[in-house]
Each structure stands twice: as C-alpha cells, then as structure tokens.
Amino acid sequence: MNRARVLSHLLSRAPPGTPLAAARTFLYGGTRGKASAPPPPTALAAEPFLNGSSSNYVEEMYTAWLQDPKSVHQSWDTFFRNASAGAAPGTAYTAPPSLAEPTPHHVPLSSIAPAMSTSPMVGDAQISDKVIDDHLAVQGIIRAYQIRGHSIANLDPLGINTVDPSQGRQLVVRNYMNRFSEEDMERSFKLPMSTYVGGKERQLPLKEIIQRLENAYCRSIGVEFMFINSLEQCNWIRQKFESPGVMTMDSMEKRLLLARLTRSHGFEAFLARKFSSEKRFGLEGCEILIPAMKQVIDRSTSLGVESFVMGMPHRGRLNVLANVCRKPLEHIFTQFAGLESADEGSGDVKYHLGTYQERLNRVTNKNIRLAIVANPSHLEACDPVVQGKTRAEQFYHGDSEGKKVLSILLHGDAAFSGQGIVYETFHLSELPEYTTHGTIHIVVNNQIGFTTDPRMSRSSPYCTDVARVVNAPIFHVNADDPEAVMHVCNVAADWRSTFHKDVVIDLVCYRRNGHNEIDEPMFTQPLMYTRIRKLKPVIELYGDKLISEGVVTPEEVKEVKDKYEKILETAFSVAKQETQVFNKHWIDSPWSGFFEGKDPLKISPTGVHEDTLKHIGKKFSSAPPNASDFVIHRGIQRILNSRMEMVESRTADWALGEAMAFGSLLKEGTHVRLSGQDVERGTFSHRHHVLHHQKAFKDTSVDKSQYNALANLYRDQAPYTVCNSSLSEYAVLGFELGFSMTNPNALVIWEAQFGDFNNTAQCIIDQFMSSGQSKWIRQSGLVLLLPHGMEGMGPEHSSARLERFLQMTSDDPDVLPPFSDDFAIRQLSDINWIVANCSTPASYFHILRRQIALPFRKPLIIMTPKSLLRLPEARSSFDEMIEGTEFQRMYPEAGPASNNPANVKRLIFCSGRVYYDLLQARKEAGLEEKIAIARVEQIAPFPYDLVMKECAKYADAELVWSQEEHKNMGAWSYIQPRISTALNHERHISYAGRPVSASPATGNKKTHIRESKQLLEDSLAL
C-alpha cells in the first residue's frame, strides 16, 4: 500500500493530461542503465530531485528506507515520510535548503529547522502554518517582555504598587500565550537575533525562554528602552540585561557594597542621634543612593572621566557631601552648631550648600574632581546650571566628546515629573553648543511628593517619562536590592561612555521620615507609613543576605559599622572645638589664581588702540576672504557696505560697537560666548554675526555654509561662540550662568529675544544671580542683554522690568557711601550686581570690556535698545573708544545750557532711549539754554558723586526725573530716594512720565502716541 502511495505521488508530478506511455517514460526514464530524458519543464520545477532517476533506483531507495530510514538521504526520508503519512499528491516533496545567501530582510524558514520536531529536513514549501505561527508567537513574547516587562517588575520595596503575580504575565504577553499548551512549554524554539537570553545557546525550551526573560525584565529591574529608534542601542541594552550571569558579583564587590551601605546608613543614624530636632532632609529609605553614586563614579573613572559636576535637591545632600565627595565631616557638623560666620556672605541652610573636592578614587587609583552645585529650595533649578558648568569644563579642557567631564543630576520623583525645567534641560542635551555628551540622571523615587500621592501629582505612569522625549533609556530598580542597583549603575555609566547620551536610573525607594525629620507623615499617608515602620532597613536586609551566603560574618558586619562610628565621633569632637564657620569652605566653583596678585580696587583700561578698532571693523564689514564663490544676501551686503563706511568715517553704531568690544577681547585672549534666541542674526536684524551662503538652496553640496567674521579676526585669538538657543529662557539662562561660573576670564552673555521674556527665567535671576554671591560666595560675570523701550509694540514687547532688577540691588538708598578716589570701583565691589541702561555704542563698548577688566566678577544687567540700533544720532566716534577713554557712568549736559548754568531753569535726569526724544523735543521748543539734560548710564550702583556734581552746577534749577516707563515701573522708585540722600533731602526732585499702570505698556497705537507726547510736555514744562 505504501509502495503504491509513493508511486502515486511520483506519477502525480507528471503534467496534467499526459498519456500513460508518456507518464511511464516520465517516471522510469527509459531503459535501465541509461540516463533518462529530461521531464517536462513543469515537472522539473516541481520535482527537481527526480531528474534522471530510474524506476529501480526509486524502488531501491524506498525498500532501503522501509528497512532503515537513516540509510537514505534526508531528502528521501522526508519525501517517503510525508507520502506515507498521507500527504496530498504533489505535496510530499520538500526542497533542500538553498546554499545561496538570503536576500536582505529575508530569513529562510529552514533556519528554524533545528528547533522543530516535525521533520529532520525542513524546506520553504512544507512548513505548517502552526509551526510558523508558534515561532512568530515566541518572537512576540520576547518582544512583549522587552517592551512591557517593566510594568510587572518587582520595583516597590513597600509592595504597594506591585502587580498581582497571577495577572502579571498576562499583562505583558497578552494573547501570545493562548496558543500554547503545557506540553508546548517544553518545546524548543530557535532564538531570534533580537534577544540574548540564550547566551551561546541558539535554541531553548519555551519555559526556559520565559523564565530568563522574567529574570531580566520582571524582577528587581524594569527597563524602558524599546522606544529608542536605534537598533544598535536597543541591542546593546538587551545584551546588558539579558545575557545569562550578567549581574553576578564576586565576594569582594559585595563586601565593598556592604561597607558603602554601612557608611550611608551610619551617617544618617549618627545625625539623627546627635541632632534629633534639626531638619537635615536625611536619606533614610534610600541609603543605596551613596553606593549607587560611588559605583557610577568608579565605573566612569575607569572609562576615562576625570571630573564630575553634580546637582541635587536637599534630600541626602549632607550624606553625598560626606560619603561621595568626602567633604571633611567636621565642616558638616559645624553647620549644625549655629556659629557665626568668619568671612563674607549671608550663608545658606546646610542642605543647600555645594562644594568642590579633589581626591583620589581608591577603586581606580586615579585623581578625580567632584563638584556639587549649590541649589535653592526651588527643586530642579540647578539642572541647567550643572549642564552649563559641565559644558564649560569640557570646552576649556578641549573635551569635545565629553570623555573627561561628566554631569550627574539627582532628582526627586515629584519634581522630576512636575517641574518644567526638567523638560527644558533635556532639550538642550542634543544641541551642538549646549550638549554635555550625556548626563546620568538618578531619581530618588520616594513614591510621594511632600504629602502628595503620585496619583495626584502626575498624569504619566512613571515619574521618569519625560526622559523618553530624548530617547534616554530608563532603568527602574528596587532600591532594596543593592546588587541590582549596582548592575544598573554599571550599565548607565557604560551607556553614557558608549553613546554619549542621557540615561536615567530610577531608584524606587521610600522615605522613612516625613518631608523632613520633624514632619508627621501619618497625617496624610497612613497606609504607606504603617508599612514603612514594619520594614527593615536595607543595610540589615543586605547584611543578612551576605551572612547567609557566607560572604561575611556577623562580626565583620559589626566591625565595619563600629569603624565608621569611630570616624564620625572623632570628627564630631573636632567640630565641637570650632567657634566659627567659614562660608568659603562651601564654594562649588573656585577660581584658582584669579584673585591672587591683583589689586582688588584697580580696574584695567577699557579703551582700545584705534588700529585695533579699524581692523575689527573692516573684518566685520567684509565678506569671507579667499571665498569668491560665497554669495551674500543683497540686504546683508548693503549692511556690510554701511558698516565699512562707518569704519572709514571713524564712527560706530550699536552692532559695530558690540563687535569691537567682542573682537578686542578676543584679541586679548578672552573667550566670548553669546547665547539666546536668534542671537546670531539678532531679534531686530542688526547683528548678523553669522553669514549664510545664499546658494545653499540651489546647490545642496554647500548647504549650511556659513562664515563668522569675529571668529576669524586674528590667527591667535580666543574662540568666539555665538549660538541660537532653543526657545527657552529658564534653562538657557541657567545654562549660561553655569558656564560663567567655570572661567572668570570669559565674557558670557545671554540675550533675551525681548526683555519682557526674562521673567520666564525669574528663578535663575532671583535665586542664583542676585543672591548667589551672598549665599554661596559664588561670583559670576554673566551679562544679560534685555531689549527695552516703550515704542508702541504692546505690553509684552516693551519693558524688561528694570524696576525688578533695581529692587534687588543690595545698596542702601538712605546711606551715602564715603567718597574717595576709588569710589566708583568700591561701589561695584560692594553691590550684588550692576544695572545699566546704555544710550550710546561707546557706553556699551566700555561696559562690556569692563566686565573683564574688573578684579572681581559681578552680574551685569543691560537694558539694550531697539530703535537706537539704527538711529543716526545714537552713534559713537572712535574718539570715545580709543585708549584713554572709559565707561561713563553718567553723561552730563554738554550743550548750550552747560555754558550758562545760572540761566538753566530745569535739570532733567533720564536714562536710555528717552534721552533722544527729550533732546529733539527740547530743540523744537527752543529750550536748549533753559533746560539741561543728564543721562544716567549706570543706574546701580547709583552714581552719587556725578549726580551731586551736576546738581551743584545747576543750583537754582528745578530737578526732574523723566522716564518712558509708567511711574510704578522703571527707575523712578530707585533713583528718587537716592537723589534725596545725595542732596541731603534739601532739594526736591519731581517725576515726569507715564502715570501708574498695571500693564507695562498700551497696545493701542493712538494711546501710545498720546502718552509719549504728554511725557515730553510734562518733562519740558517750565
């Protein structure tokens, strides 16, 4: 019967309608011993292995197969098995595997043959649908664990947010498992290229595949990475977490981890005993943070990193200072003593302070630098500051790939998801002039924000979801599994070193105390804190684990604890002997050698040789040299021609004056960095520091061809950086502040698109810039350029809120400073920042250069003009910028009125662009001999000496302050009491300007014109 079925199969391959004789010829192929005639083409395509076969050969093969299937070739064995099993005519034959290379995106089904039990020889034509579907389902299961395994991982030490084990697998694999029975769990499947769970094994039973996937993705680590659009990066992560034995630690590593945990726990326990009533924002519940940070540092150091710049909130800061940075313990303990400060500054609470330490990494035996940036209570505010400081260190060390300097940012869970600055900072991570080539983020995930449950504080599943916008992998890990945390830290450090991209470590932990040590958390989280109080600390859990493994003995655990306790007690005894604290011990950005050997009250000259001005001016006004094919826009060419004419006539407008300030500093070796929205061109199309080849749109080979004249002034000049920023004020200003903290010999400038927009960055201005030196002894020479002026552009494009900066100045309006030869620089030294409203290019030129000429650093706030950028009257002669000239804090009246002071009826003080309106109106009214106008360029610190001199000159004149801003805004409230103090309250100064208003400016054109007209009439009314 079987013989007949086989022959029937062979005959079925003959073409339809073939006569019996022809069929016999097809089957037997002629006489024995002779080659058979080729079968018809259709048969050749269908049964190629039959070509030339004789009937005796077929029968011999079949007879041999019946006696021993292994005695024939696999292809015959497969054919006879299928035919005997009842395969339909014409379907029993299976083609042998092709030796040709598979085409792209094609995997032959024969590649999964070893994992199949259906037949020993499998070809493309005879794979059953079930076999195919089963293998596809296995691949779907693997992918499901890679995508969703984190959702059922055992991440919560408290067990509150843990998925029911009976439902966990179904949540991940969904319907993929429905097709498999218990028997199928023992079947072996070939592993696809998208997984590494097999190690060196190419196939595994389904049960083992699932077990290994759950070990990789559903235990103490949950990995989010499948949203990353790079296959290389995804495979890298798969290998790091799926490879068998990848988390294995040796006994020495475990002992080191235990010692670090002991220090972390011991430090908090010691503070709790010694200062039980003090707020310290301890780390209890996430003691693993210290070993985690040290592991990241150790691994990164071994990979070549030399400097670490860190930012963090207040929780755990003291522990990080002590055990990561190795800040002298006595310095920390004296902060609890309430001692008087022995040096300058108002100081800050201990859990806001930063530090800078250089020390030996004992694991790698390499010297490293560690800096923790001081931070206010405004959570996440230091994020961009850290990034700016990191970028600056990389820049000045020539670390163009970020291999030597690394930023580490610590976050709280509620702040990480709730604060918009996190998102803004992430979006700087890939920008060419802002990237730090990868940041390691560590989230201390308390699973609560102060008293707010995560269900009420975020809409996303995880607090870390914001990191997905930049394709940063996210590693969630149970903080009560120390070894899992160490593995995650190693992977994070390796990721950053390999791909130079951000990565997030989410330490899922708890907060053993309330928001601080004297807060009662049971008021609002009774369930959580009932569980917390029953939970053993991680040091006990891990100690017990290592004892049970035989890695350590109970005596050794106690010895490590007692040793650190002794260190703490010794430092505490030393701290009790101190009678003062030193704020300078907490500087996070020391400037080695900057202050040494300088006269603290001597300013270097700011005037420049005329040849330098001409050279810079001509270069700035010219096309790229040796680039005749560089096509410049016709409008830009007109601007360049106009600039060249000004250079030849020895005058400068605002853009040219700025370029000369930058260029002269670059020549002297000072790096200049200008950053902000649209700064390359300038909001008002006046700067044009970057020229663009206009053929870029026609010929793609020269697309993005650019030329920066100021970067090509001299062969040996300092670098010039001008960069358009993202549409962010908060993050970008914070970034530039951090950049300015690193090198005092650099001019770092942030320009707002309009001055009004600085209030989006108010936190940086208030918490860091205005008070940073006082709180943290941190100086910064950062410059803010804020376009300002009431020019009919509406409420949001008029005022840079001058009044707010003046309100935050630290000079006393009721105290007249003592006069001396160095009065002006003493004022600058004593104040917290400088506020100016320049009205000439020369004034702007000098004040920018003065930032570098000063023997110290202060932030500089400049109200920059809009209409004055092109006003012919607002130009300066080279005579005001050459050697021997300097910044004029106030321009006195220099017209006809100054020649006959006794005839002057009114002395007007003003600042900024309104001067030119007053000048024109005075001329039209014919009052040039009766009204004197003095313009104040530097408003703070207030030029008492110059104002007193001008008032004395016009002793009989009525005093008026004129401003374009509304009365409750602008400089009026600042200058009024200071002029009264300067004049000993013997003369009165009146106000002329817009009345009080809630809005900075009107949006109605007619109203604006009417207000401007009234302002001038009131100012000039005698």
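If you're wondering where the values come from, they're calculated on a predicted model, not measured in any experiment.

Asker: Just to check I follow, could you spell out the overall build of the chain for this structure?
Answerer: Along its length, the chain carries 34 helices and 28 strands. Buried positions account for 56% of the 1022 residues belonging to the chain. For the chain, the accessible surface area stands at approximately 44000 Å², while carbon and sulfur atoms represent 51% of it.

Asker: Would you take a moment to explain unusual backbone geometry for this structure?
Answerer: If a residue is not glycine, its phi is most likely negative; likewise, a peptide bond is most likely trans. With an omega of 0°, the peptide bond running from Ala940 to Pro941 counts as cis. The topology assignment puts Pro941 in the loop between β26 (938-940) and α32 (944-953). Even without being glycine, Arg326 reaches a positive phi, approximately 60°. Here the phi dihedral of Asn984 falls at roughly 55°; this positive angle occurs in a residue that is not glycine. Of note, Asn984 is situated in the loop between α33 (972-982) and β28 (989-994).

Asker: Explain the side chain of His1008 here, please?
Answerer: With respect to the element layout, His1008 can be found in helix α34 (residues 1005-1020). At 3.5 Å, the side chain of His1008 forms a polar contact with the side chain of Arg994. Beyond its immediate stretch of four places on either side in the chain, His1008 contacts Met790, Glu791, Gly792, Arg994 and Thr1002.

Asker: Would you explain the sheet that holds strand β27 (residues 958-966) in this entry?
Answerer: By way of backbone hydrogen bonds, the strands of a sheet pair with one another, either parallel or antiparallel. Sheet architecture is open: five strands sit in the order β23-β25-β24-β27-β28, paired in mixed fashion. Each end of this open sheet is capped by a strand with a single partner; those strands are β23 (890-891) and β28. Judged from the six bridges that link them, β27 and β28 form a sheet pairing that is parallel. Paired with Trp961 across the bridge in β28 is Tyr991. The strands that α32 touches are β23, β24 (906-910), β25 (931-936) and β27; relative to β24, the one it contacts most, it runs at about 160°.

Asker: What is the right way to read the pairing of β25 from this model?
Answerer: Most of β25 sits out of view: six of its six residues are buried. Bridge count for β23 against β25 is two bridges, and the pairing is antiparallel. Along β25, the bridge assignment pairs Tyr891 with Arg935. Pairing geometry for β24 and β25, over five bridges, is parallel. Considered in β25, the bridge of Ile908 is made with Ile933.

Asker: Looking at this structure, how should I read the sheet that holds strand β21 (residues 860-864)?
Answerer: Pairing is mixed in the open sheet, where seven strands are placed in the order β17-β14-β18-β19-β21-β20-β26. Every interior strand has two partners, whereas the edge strands, β17 (720-724) and β26, have only one. Taken over all neighbouring pairs, the strand axes of this sheet differ in orientation by 20° on average, direction set aside. Looking at chain direction, strand β20 (residues 834-836) and β26 are connected through two bridges and run antiparallel. Residue pairing for β26: Ala836 is matched across the bridge by Gln938.

Asker: Before we go on, may I ask you to explain empty space enclosed by the protein in this structure?
Answerer: Using a probe with the size of a water molecule, rolled over the atoms, empty space left in the structure can be pinpointed. Considering all chains together, one arrives at nine cavities of 30 Å³ or more under this definition. Considering only enclosed or pocket space, the second largest cavity measures out at about 60 Å³ in volume. Forming the walls of the second largest cavity are Phe281, Gly282, Glu284, Arg315, Arg511, Arg512, Asn513, Gly514, His515, Asn516 and Glu517. Partitioning the lining of the second largest cavity into residue classes produces one nonpolar, five polar and five charged.

Asker: How do you make sense of α32 when you look at a structure like this?
Answerer: Working note: α-helix, 3.6 residues per turn, so residues spaced by three or four point in the same direction. Every buried residue of α32 is listed here: Tyr944, Val947, Glu950 and Cys951. Down the axis, α32 shows its buried residues gathered within 135° of arc, on one side only. Every exposed residue of α32 that faces more than 90 degrees away from the buried side is listed here: Lys949 and Ala952.

Asker: What's the story with the pattern of salt bridges in this structure? I'm lost.
Answerer: Side chains carrying opposite charge are able to pair once their charged atoms draw close together. Under the criterion given, the structure shown has 49 salt bridges. Where Glu214 meets Arg169, a salt bridge forms, and the shortest distance between an N and an O atom there is 3.0 Å. Taken together, the residues span a long stretch of sequence, with Glu214 in helix α8 (residues 206-217) and Arg169 in helix α7 (residues 165-173) at a distance of 45 residues. Residue classification places Arg169 among the partly exposed positions, given a relative accessible area of 34%. In this structure, Glu284 and Arg280 form a salt bridge, with 2.9 Å as the shortest nitrogen-oxygen distance.

Asker: Even after reading the chapter, I still don't get the nonpolar core, so can you show me in this structure?
Answerer: Proteins that are soluble and globular tend to have nonpolar side chains buried together. Ranked by internal contacts, the top residues of the largest apolar core, which has 174 residues, are Phe333 and Phe909. Counting residues per element, this core draws most heavily on helix α18 (residues 482-499), at nine residues. Counting residues in hydrophobic clusters, the runner-up holds 58 residues, among them Ala718, Leu747, Phe757 and Leu848.

Asker: How should I be thinking about the environment of Gly388 in this particular structure?
Answerer: Summarising the element assignment, Gly388 is placed in helix α14 (residues 383-396). Here Gly388 falls in the buried class, since its relative accessible area comes to 0%. Gly388 sits 48 residues away from Thr436 along the chain, and the two C-alpha atoms are 8.2 Å apart.

Asker: Looking at this structure, I do not really get the packing of helix α6 (residues 129-148) against α7. What am I missing?
Answerer: Packed helix pairs are specified by the crossing angle of their axes together with the interaxial distance, meaning the distance between the axes. Interaxial distance between α6 and α7 falls to 8 Å at its minimum, and their mutual angle equals 105°. With respect to α7, the axis of α6 lies roughly perpendicular. Across the interface between the two elements, Ile141, Ala144, Tyr145 and Arg148 from α6 touch Arg169, Leu171, Val172 and Val173 from α7.

Asker: Mind showing me how you'd approach the pairing of strand β18 (residues 746-751) here?
Answerer: Regular strands have side chains that alternate between both faces of the sheet. Buried residues dominate β18, accounting for six of its six residues. A two-sided burial pattern is seen for β18, the buried positions comprising Ala746, Val748 and Trp750 on one face and Leu747, Ile749 and Glu751 on the other. Looking at chain direction, strand β14 (residues 671-676) and β18 are connected through six bridges and run parallel. When the bridges of β18 are listed, Gly676 appears paired with Glu751. Here β18 runs beside strand β19 (residues 783-787); their pairing, made up of three bridges, is parallel. The partner of Trp750 across the bridge, within β19, is Leu784.

Here is what the cut-offs are and how they apply
- Residues numbered from 1 in each chain as written.
- Predicted model: local features only at pLDDT ≥ 70, side-chain atom pairs only at ≥ 80, totals over all residues.
- Heavy atoms only, no water.
- Helix = DSSP H or I, 4+ residues; strand = E, 2+ residues; numbered from the N terminus.
- Buried < 20%, exposed > 50% of the residue type's maximum accessible area, 1.4 Å probe, protein only.
- Areas by Shrake-Rupley, 256 points an atom, 1.4 Å probe, with all protein chains shown as cover.
- Polar contact = N/O pair within 3.5 Å; in protein donor to acceptor, adjacent residues only side chain to side chain.
- Contact = heavy atoms within 4.5 Å.
- Pairing = 2+ DSSP bridges.
- Axes fitted to C-alpha atoms, helices over the stretch in contact; angles between N-to-C directions.
- 1 Å grid on protein atoms, 1.4 Å probe; cavity = no way out; pocket = protein on both sides within 12 Å on 5 of 7 lines; lining within 4 Å.
- Points joined across faces, edges and corners; volume = space filled by probe spheres on them.
- Nonpolar A, V, L, I, M, F, W, Y, C, P; charged D, E, K, R; others polar.
- Arc of directions from axis to C-beta.
- Salt bridge = Lys/Arg side-chain N within 4 Å of Asp/Glu carboxyl O.
- Core = buried A, V, L, I, M, F, W, Y, C linked by side-chain atoms within 4.5 Å.
- Parallel < 35°, antiparallel > 145°, perpendicular 65-115°, else oblique.

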